[in-house]
Amino acid sequence: MEADERAALFKAIAVKDTGTISPGELLCTLRQLGQDDSLLVDLFLRLDTNADGKISPEEFTAGLPFLASKVSLRSVKPTLVENSEMEGNEATAQGLLAPKLKSLEDAFKLFDRDKDGVISLHELEVMRRVIADSGGPAPTEQFIKEVVTSLDTNADGKLEFSDFCQVLVRCDQALNMAPPKEKGGKKGKKGKKGKK
Ligand SMILES: [Ca+2]
Ligand SMILES: [Ca+2]
């Protein structure tokens, strides 16, 4: 996609014209495209790589191939949305994202065994084995290493919360794409809330 096409697309999605894309704005676009609201969570978490709750133009550019693989961007048109409707959309979007963010924060605390506020590759591997040993769906050590290497821009082998979210999001996607090996529970993809 050409740079000007990309800029036009960004503008069409970022209707409030704040220079970034909010969860509610992305939700508007998904609805315009006839997509299910639930798609928002995966898309937003994947695109908002620094986990600040908005998608910057740089994040948008980086995530565009992924976005394009999920929705047909050619049909995105700029739409005028009433303020009140937009507020409703933001509230809905936050409602969708909040449980996922909460579970990511809980997971971060769980993984960070020495409580130094970052997750080391070692801590990641320890947890991966715990999950794999308990029979849960776990990606391979190799896969995790690849994802970490691609995210760990300062190459210190430690992951901040936003990097960690990306690791989990990508592992989640990799596992959802792979055909499930063990049986039990038909279509078990949806209900993994981990409630007791
Ligand atoms: Ca961001
Ligand atoms: Ca740590």
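Residues numbered from 1 in each chain as written. Chains lettered and ligands numbered in written order. Predicted model: local features only at pLDDT ≥ 70, side-chain atom pairs only at ≥ 80, totals over all residues.

Orientation of helix 3 (residues 39–47) relative to helix 4 (residues 57–70), taken along the N-to-C sense of each, is 150°, at an axis distance of 9 Å. Here helix 3 runs over helix 4; the crossing is right-handed. For the pair helix 3 and helix 4, the contacting residues are Leu39, Leu43, Arg46 and Leu47 in the first and Glu59, Phe60, Gly63, Phe66, Leu67 and Lys70 in the second. Taken together, the residues of the contact of helix 3 with helix 4 break down into six nonpolar, one polar and three charged. (Axes fitted to C-alpha atoms, helices over the stretch in contact; angles between N-to-C directions. Helix = DSSP H or I, 4+ residues; strand = E, 2+ residues; numbered from the N terminus. Left-handed = near helix turned anticlockwise from the far one by under 90°. Contact = placed C-beta atoms within 7 Å. Nonpolar A, V, L, I, M, F, W, Y, C, P; charged D, E, K, R; others polar.)

For the protein, the domain assignment lists domain 1 (3–97) and domain 2 (104–174). Computed from C-alpha coordinates alone, the two centres of domain 1 and domain 2 are separated by 27 Å. Across the contact, five residues belong to domain 1 and five residues belong to domain 2. Counted by class, the side of domain 1 that touches domain 2 contains two nonpolar, two polar and one charged residues. (Domains from an automatic or database assignment.)

So, on to the nonpolar core. Side chains that are nonpolar tend, in soluble globular proteins, to be buried together. Ranked by internal contacts, the top residues of the largest apolar core, which has 26 residues, are Ile21, Leu26, Leu27, Leu40, Phe44, Val148 and Val167. Those elements giving two or more residues to this core turn out to be helix 1 (3–13), helix 2 (23–32), helix 3, helix 7 (141–151) and helix 8 (161–177). The element best represented in this core is helix 3, accounting for five residues. Formed jointly, this core draws a minimum of three residues from each of two domains, domain 1 (3–97) and domain 2 (104–174). Ignoring anything within four residues of it in the chain, the contact list for Ile21 reads Ile13, Ala14, Leu26, Lys54, Ile55 and Phe60. (Core = buried A, V, L, I, M, F, W, Y, C linked by C-beta atoms within 7 Å. Buried ≥ 20, exposed ≤ 12 C-beta atoms within 10 Å, placed from the backbone.)

Take the packing of helix 6 (residues 121–133) against helix 7 next. At a minimum axis distance of 11 Å, the contact between helix 6 and helix 7 shows a crossing angle of 150°. With respect to helix 7, the axis of helix 6 lies roughly antiparallel. The crossing of helix 6 and helix 7 is right-handed. Mapping the contact onto sequence places Leu121, Leu124, Glu125 and Arg128 in helix 6 and Glu141, Ile144 and Val148 in helix 7. (Parallel < 35°, antiparallel > 145°, perpendicular 65-115°, else oblique.)

With that settled, consider unusual backbone geometry. Its identity as a non-glycine residue notwithstanding, Asp17 has a phi of 60°, on the positive side. Looking at the secondary structure, you find Asp17 in the loop between helix 1 and helix 2. Of note in the backbone geometry, Lys115 takes a positive phi value of approximately 55° without being a glycine. As for its placement among the helices and strands, Lys115 is situated in the loop between helix 5 (83–111) and strand 1 (119–120).

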